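Structure assessment
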Amino acid sequence: MIIYILIGIFFMFCVEWSTNTSSYKNHMLYKYNKNIKIGWAERFMGIVFWPAFLAVFFYNFFKQYFK
């Protein structure tokens, strides 16, 4: 169980780091005209449901990659 939580924490650390990059912020502001903030509820959900979120990420990544 502790490994599951540690992987979730690492996953959310990667999400937080990637959403704080300047290229991501410029893309979101340019394309959607909004700045996305991640709060404690989103962090908790990311730690608990990280396998589902990772599957969604890979699905969309490969969909765009092979487009």
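Use the structure listed above.
The rules behind these values
- Residues numbered from 1 in each chain as written.
- Predicted model: local features only at pLDDT ≥ 70, side-chain atom pairs only at ≥ 80, totals over all residues.
- Heavy atoms only, no water.
- Axes fitted to C-alpha atoms, helices over the stretch in contact; angles between N-to-C directions.
- Helix = DSSP H or I, 4+ residues; strand = E, 2+ residues; numbered from the N terminus.
- Parallel < 35°, antiparallel > 145°, perpendicular 65-115°, else oblique.
- Left-handed = near helix turned anticlockwise from the far one by under 90°.
- Contact = heavy atoms within 4.5 Å.
- Nonpolar A, V, L, I, M, F, W, Y, C, P; charged D, E, K, R; others polar.
- Patch = residues over 30% accessible without salt bridge, like charges linked within 9 Å, V, L, I, M, F, W, Y side chains within 5 Å.
- Areas by Shrake-Rupley, 256 points an atom, 1.4 Å probe, with all protein chains shown as cover.
- Salt bridge = Lys/Arg side-chain N within 4 Å of Asp/Glu carboxyl O.
- Buried < 20%, exposed > 50% of the residue type's maximum accessible area, 1.4 Å probe, protein only.

**Side note on the packing of helix α1 (residues 2-19) against helix α4 (residues 50-65)**
Between α1 and α4, the least distance of the axes is 10 Å, while the angle of their chain directions is 45°. Taken together, the axes of α1 and α4 lie oblique to each other. As for how α1 packs across α4, the hand of that crossing is left-handed. Counting all contacts with α1, which are made through Tyr4, Ile7, Gly8 and Phe11, the residues of α4 involved are Trp50, Pro51, Phe53 and Leu54. For the contact of α1 with α4, the residue count by class is seven nonpolar, one polar and no charged.

**Here we look at a nonpolar patch on the surface**
Together, Met1, Ile2, Ile3, Tyr4, Ile5, Leu6, Ile7 and Ile9 give the surface a local cluster of nonpolar side chains, amounting to about 790 Å² of exposed area. With respect to the helices and strands, the residue Tyr4 is situated in helix α1. Judged by its relative accessible area of 34%, Tyr4 falls in the partly exposed class.

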